Amino acid sequence: MQNNISIGQYFPGDSFVHRLDPRTKILFSLLFIVCIFLSKGFLCFLMIAMFAFMCMKVSKISMKFIIKGLKPIMFIVLFTFMLNLFLSSGDDVFVKFGVISITFSGIRNAVFMAIRLILLVTCTQLLTLTTSPIQLTDGIERLLSPLKRIGFPAHELAMMMSIALRFIPTLIEETEKITKAQKARGADFETGGVIKRVKSMIPLLVPLFVGAFRRADELAMAMEARCYRGGSGRTKMRPLQYTNNDYYSMAAGIGLMAFVIILNALKVF
């Protein structure tokens, strides 16, 4: 399962996307997410999907690697799809089974929501796969630096977000190890009713939380041993600096958003 988790991992490379300023990639990801939620038609989603595919090619990230990273969230995608399919109301009934009816608007909403989730995870994967933890922390800190004037802990927040994101693969790996260890001791996580399954998760959750707190304590001690005292007075070995490629990339992101807004205004679905 660990091999299927790509969110939070970094894939070293020297592609066009890897060389971009981390602030550009973070802002571009935010624009991409806004475009996903603004989209209301198949043409908009098609353009966004093509744009994401182009970013994959430019970043030299394998399509198979991206698809493999989507496997762990397919249950959430299918669950959301079914909820929107059966719970969406409307007069345009497609098929009806007793009190349960499926409408054309429900099918449309279900498909759009599934596409949104897939594109959101893909965008997050591209950000973390092409940005190292240090770059990600520096980028978030620089973007939040104007808030330091009102006492906002920009550096500390950026550090916490980066550490939390990078700990996702570690926690997934720890969960897999604990699950295998508990199954070897006779634990059953797959049979019985809902209450029994919930109770069977306790031997899994307790060591997982204990391990997470232990790792957090070890990380804190390691940072203190290296005289880490926050962001005050710290300098950068490699200061962030925008290049022409960053401006071109941001222009492309803004152009994509403008295109989505125009299509929505023209009601091109």
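Residues numbered from 1 in each chain as written. Predicted model: local features only at pLDDT ≥ 70, side-chain atom pairs only at ≥ 80, totals over all residues. Heavy atoms only, no water.

So, helix H4 (residues 74-87)
Now for step 1: Over its 14 residues, H4 runs 20 Å from end to end, which matches the ideal 20 Å to within 8%, given 1.5 Å per residue.
Now for step 2: The secondary structure elements touched by the buried residues of H4 are strand S2 (100-103) and helix H5 (104-129). (Helix = DSSP H or I, 4+ residues; strand = E, 2+ residues; numbered from the N terminus. Expected span 1.5 Å × (residues − 1). Contact = heavy atoms within 4.5 Å.)

Concerning the confidence of the model for the chain
Now for step 1: The predicted model of the chain has a mean per-residue pLDDT of 81, with 90% of residues at 70 or higher.
Now for step 2: Averaged over each element, pLDDT in the chain is lowest for strand S1 (residues 93-97) (72) and highest for helix H1 (residues 22-38) (91). (pLDDT = per-residue confidence, 0-100.)

Points about a nonpolar patch on the surface
Now for step 1: Together, Phe75, Ile76, Phe79, Met82, Leu83, Phe86, Leu87, Phe97 and Ile100 make up an exposed nonpolar region whose accessible area comes to about 940 Å².
Now for step 2: The dominant element in the nonpolar patch, judged by the number of residues it contributes, is H4, at 7 residues.
Now for step 3: Considering the arrangement of structural elements, one finds Phe86 in helix H4.
Now for step 4: Residue Phe86 is classed as partly exposed on the basis of its relative accessible area, which comes to 34%. (Patch = residues over 30% accessible without salt bridge, like charges linked within 9 Å, V, L, I, M, F, W, Y side chains within 5 Å. Areas by Shrake-Rupley, 256 points an atom, 1.4 Å probe, with all protein chains shown as cover. Salt bridge = Lys/Arg side-chain N within 4 Å of Asp/Glu carboxyl O. Buried < 20%, exposed > 50% of the residue type's maximum accessible area, 1.4 Å probe, protein only.)

Some words on the packing of H1 against helix H10 (residues 244-265)
Now for step 1: It is at 10 Å that the axes of H1 and H10 come closest, and there the two elements cross at 10°. Here H10 runs roughly parallel to H1, going by the angle between their axes. Taken together, the residues of H10 that come into contact with H1 (itself represented by Thr24, Leu27, Phe28, Leu31, Phe32, Val34, Cys35 and Leu38) are Asp246, Ser249, Met250, Ala252, Gly253, Ile254, Leu256, Met257, Val260, Ile261 and Asn264.
Now for step 2: Residues that form the contact of H1 with H10 fall into these classes: 14 nonpolar, 4 polar and 1 charged. (Axes fitted to C-alpha atoms, helices over the stretch in contact; angles between N-to-C directions. Parallel < 35°, antiparallel > 145°, perpendicular 65-115°, else oblique. Nonpolar A, V, L, I, M, F, W, Y, C, P; charged D, E, K, R; others polar.)

What to know about the packing of helix H3 (residues 63-70) against H5
Now for step 1: Contact geometry for H3 and H5: axes closest at 10 Å, N-to-C directions at 120°. As judged from the angle between their axes, H3 and H5 are oblique. Crossing of H3 over H5 shows right-handed handedness. Residue-level contacts link Phe65, Ile66, Gly69 and Leu70 of H3 to Ile118, Val121, Thr122, Gln125, Leu126 and Leu129 of H5.
Now for step 2: Residue composition of the contact of H3 with H5, by class: 7 nonpolar, 3 polar and no charged. (Left-handed = near helix turned anticlockwise from the far one by under 90°.)

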